[in-house]
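Architecture and fold: a report
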Amino acid sequence: MPERSGPGFRRRVGPPSRRARVALLTLGVLAVLFLLFVMFAGFWTDWLWFRSVHYGSVFTTQLWTKIGLFAVFGLLMAVIVGLNIWLAHRLRPPLSAMSVEQQSLDRYRTGLAPFKRWALIGVSLVIGLVAGAAASGQWRTWLMWTNATPFGEKDAQFGMDVSFYAFDLPFYEFVLGFAFSAVIVSLLTSALVHYLYGGLRLQGPGRRASAGAQGHLAVLLGVFVLLKAVAYWLDRYALAVKTGTYKGVGGWTGLRYVDANAFLPAKTILFFVAIICAVLFFLTPVRRTWAPALIGLGLMVLSAVLIGGLYPAIVQQFQVKPNEQAKETPYIQKNIDATRQAYGIADSQVAPYSPQGTTNGDALKPDAQTIADVRLVDPNVVSPVFQTLEQQRNYYAFPNTLDVDRYGSGSGKQDTVIGLRELDLNGVQRNWINDHFKYTHGYGAVVAKGNQVDTTGQPVLTESGLPTTGTALGPYEQRIYYGEKTSTYSIVGGSNKEIDYYDSKKGANEENTYDGGSGVSLDNPLTRAAYAVRFAEPQILYSGAITDGAKVIYNRTPKERVEKVAPWLSIDADPYPVVVDGRVKWVVDGYTTSDGYPFSSKTTLGTATKDSLTNQRGELLAVAGQVNYIRNSVKATVDAYTGEVTLYQWDEKDPVLKTWMKAFPGTVEPKAEIPASLVPHLRYPQDMFKVQRDLLGQYHVTDSNTFFNGTDIWQVPVDPTSNTKQVQPPYYVTVRMPDAAKASFSLTSTLVPADRPNLAAFMAVNSDPGEDYGKIRVLKMTGESGAPGPGVVQSKFNSRKDVAQQITLLQGGDSVLEYGNLLTLPVGGGLLNVEPVYVRGRGAKYPTMQKVLAVYGDDNVAFEDSLEAALKKLFGDGTPPVTPVAPAASSQGSGATTPTTPTTPGTPTSPATPAPTSPTTPTPGGTISPDLAKALSDAEKAYNDSQTAFKNGDWVAYGTAQKALGEALKAAEAARGGSAQTPSGPPPTPGGSPSPHA
């Protein structure tokens, strides 16, 4: 029979059928179970991950701390609120005493009567849950308070140890805030219950509150005022960490004259006034009148306005302003001393420097190593060169900004640019199997000399190819499973064969099964289901590609891994790779911070560490809010193959680190455990240096009177080589400061006066681990020096007519100029500015270095094809030898290239001459004759001797070694002519690549 419809037809509406009710109930149960499993999956997978990296104690410590705070403070809030609701109900007046207004609420009381107990429990639990959740977020505050370590330093106002402000005061303020919340919620809920059950009324004649309601609410108000008294007392100490703006310092912290002489006494007076007012409220139930308490409350409010507001304003206007310098300088001095101590700049050395406009060979001799190691390869420009020449496969990529490190030992140690060939899934055919099973890792490190380019302007690679070979690193595990670009999960192990790279000689892929030991096993079906939920990928649950022994690896960036196992650290934005002991390891700098160092001005880390390279790196050092204490307390390593995370104590005096080490025992290894092979690769972190240079712009001034006048403020200059208008980044270079005996690997920066272009100071921090590590030296330009700042140097370069003509030629044919790092170096009693100039031709994928800008003094400008030519134009024939230009590689990406032999001082550059090869290894073309072997051995010895001499500035020994080298090379040529088995051309190294020894 067809369904009836149309006007006038009414469908019968009734309760759903039993089948419908069962279906709805089933769906509801399934939805709840799914939500519970989602929550369980997050918890379970986190626990499995922490256990897999052997930091399970970090997970459990956080978990139990959060649970404990949630339970204790949640239960406490529920009990306090519930007890007050129950008490308000218990103190209700009889029905006969209720007014007409109160009797009109009877229907609400009647409706609530059957559920009173459940309503009490429900309201208390909900409020307790909210309070517990808020309290669990304070787990850091709790752990720092319970494990507090004294600083051994006292604040300048109250004489309290700094740990009181850093660890104790935040916890006391948290507890006080919780108590205020409990009293306020209790007061509101109690008042509502009293009104509902007749204890309070708003209209009509007579008493507004019953005796029970009056006494109950008066006690609650008394507790509130008593808590306000405690707050006034704590506010006295909080003045030492109060933040405001003064003398151009936005995060100025600490007491000033008006604080110490008006606000501080006011807080003390208000403390006693609040106690008296609280006593009056407590006496209200006895006296049965609100009048004394309300009068006391009014007086407290009036006192707060007059004593806490008006009086300080009068002091500021009539005592401070007429003689501000005399009044404020003692407090400015406290701020200066505390800020310099808190940021680790108290021991920085500021020395006057009057840079000379000209120099000579004798003055340049002590700076021979600085000149020899001038870094021409800009790690921020040459990444496309690495990408084009060494990517090798579409599924590999290099970071936009490469890293600077040191490799070699003794006189052979030199600045090096290094980049890892990491996985880039954008270069593969995307599907679930390829993304997570086949293409799982990068492969190999590519290394270039920092101070040398070949005749085509390309970096001289000392480690290259796929797999990489060369002389810089030695044999090592080249697979990169953990890296800066590795952001997705992979499933490895079991019977899964992963692609290393395509071997064109074999015509097949080189494959590998991961055996690094990291990851979480997927053998358990429950674990697979949990990860299917975590990654929103159901195939994990049922895919046959996951076999016995398979593991899932994730959280794969070094920064991410260290942040997770050490959630109390702030992580430097620029982890860098090192190759030691046959492994690739990421070095990650960790900072401990605090916002509770009294009198130390606060700074926002993200703002202080932003520069023209921020967008390229894509990361900023940032923590919530502002800080006024920072230490580079931890050096962490992440193994690029196994993912193993190791935390090492670096700053053994830092009380904040000691506190966290007590909170998480066994997670940080002592400094003595840092491998000896790793120590030479550690360096001073950039973000720490940026924060310190930002503070030194104003806090290089140690005299409070000079600081008050504000006449000597510095700022970081805008990067003249960038279009971002961001400040210039610091640079890692090898440089000798005027007061140092020898050059050292340092992090350097320039500073200019506020809103002026000339140079104010040159700043360097020793980055070589040792006695001088972390020593900050500042060369302050004297007033009459007129040294040009980076912007002026760049302007001189661009405005020179002869230079402009050459630029026009270089930009012909739609070529684009890219300026490299503008390095400022103290050399020969003056300042040498060096900037490599790169050219990217039309259609070219990468730039090559074509020119070098060098500026010395005010008017000496050189724009030449090589650094050697530029320096000779500036200094003449007395210039110490620089690292020579190497001939171009025989084939792109085939390996290291061969540099020319250094010339003797004052002589023209000789033609490119190959460095000697190993005399004992047969070349691919045949065997080496004994005469050739001896000649090559002599040449290699002479070459090494010349390199050592020219690093040390010993020109006599250098000339002798060069002469011996020339004779050995002549002998080698003669021997080659008599050896039919040796192929023509420069003697190749094993493997067919030109020698990279130079």
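Anything mentioned here points back to the structure above.
Residues numbered from 1 in each chain as written. Predicted model: local features only at pLDDT ≥ 70, side-chain atom pairs only at ≥ 80, totals over all residues. Heavy atoms only, no water.

1. Notes on the side chain of Ser383
As a reminder, the rule being used: Runs of H or I in DSSP of at least four residues are treated as helices and runs of E of at least two as strands, each being numbered from the N terminus. Accessibility here uses a 1.4 Å probe with only protein chains present; expressed as a share of the type maximum, an area under 20% marks a residue as buried, one over 50% as exposed, and anything in between as partly exposed. In what follows, residue pairs with any heavy atoms lying within 4.5 Å of each other are defined as contacts.
As for its position among the elements, Ser383 is in helix H14 (residues 383-390). In this structure Ser383 comes out as buried when scored by relative accessible area, which is 5%. Discounting residues that sit within four places of it in the chain, Ser383 has contacts with Phe398, Pro399, Asn400 and Leu402.

2. A short note on unusual backbone geometry
Cis rather than trans, the peptide bond between Leu466 and Pro467 has omega equal to -5°. Phi is positive for Ala536, close to 55°, though the residue is something other than glycine. Looking at the element boundaries, Ala536 is found in the loop between helix H16 (525-534) and helix H17 (539-542). Judged by relative accessible area, Ala536 falls into the exposed class, the value being 64%. Non-glycine residue Phe599 carries a positive phi angle of around 75°. Relative to the assigned elements, Phe599 resides in the loop between strand S20 (583-594) and helix H19 (605-608). On the accessibility criterion, Phe599 (1% relative accessible area) is buried.

3. Re the environment of Thr527
Mapped onto the elements of the fold, Thr527 is located in helix H16. Note on Thr527: relative accessible area 4%, which makes it buried. Those residues in contact with Thr527 that sit more than four places away from it in its chain are Trp44, Leu48, Val520, Ser521 and Leu522.

4. Points about the environment of Leu75
One can find Leu75 in helix H2 (residues 56-90). For Leu75, a relative accessible area of 56% corresponds to the exposed category.

5. Considering a nonpolar patch on the surface
Applied cut-off: Patches in this entry comprise residues that are over 30% relatively accessible and not in a salt bridge; like charges within 9 Å are linked, as are nonpolar side chains (Val, Leu, Ile, Met, Phe, Trp, Tyr) within 5 Å. Per-residue accessibility takes into account occlusion by the displayed protein chains alone, with areas from the Shrake-Rupley method and a 1.4 Å probe. We define a salt bridge as a contact between a side-chain nitrogen of Lys or Arg and a carboxyl oxygen of Asp or Glu at a distance within 4 Å.
A surface patch of nonpolar side chains, about 930 Å² in accessible area, is lined by Leu24, Leu25, Leu27, Val29, Leu30, Val32, Leu33, Leu36 and Met39. Counting through the fold element by element, Leu36 comes out in helix H1 (residues 18-52).

6. Side note on the packing of aromatic side chains
Stated formally: Between rings of Phe, Tyr and Trp, where Trp is taken as its six-membered ring, a pair exists when centres lie within 6.5 Å; planes separated by under 30 degrees are stacked, by over 60 edge-to-face, and by other angles tilted.
Counted according to the given criterion, the structure contains 48 aromatic pairs. Between Phe151 and Tyr597, the aromatic rings sit 6.2 Å apart at their centres with planes inclined by 75°, giving edge-to-face as the arrangement. Separated by 446 residues along the polypeptide, Phe151 in the loop between helix H6 (139-146) and helix H7 (162-196) and Tyr597 in the loop between S20 and H19 bring together distant segments of the chain. When sorted by exposure, Phe151 lands in the same class as Tyr597, which is buried. Both rings, one in Phe164 and one in Tyr237, keep their centres 5.2 Å apart while their planes meet at 70°; by these two values the pair is edge-to-face. You can see Phe164 sitting in helix H7 and its partner Tyr237 sitting in helix H8 (residues 211-238), a full 73 residues away along the chain. With respect to burial, Phe164 and Tyr237 carry one shared label: buried.

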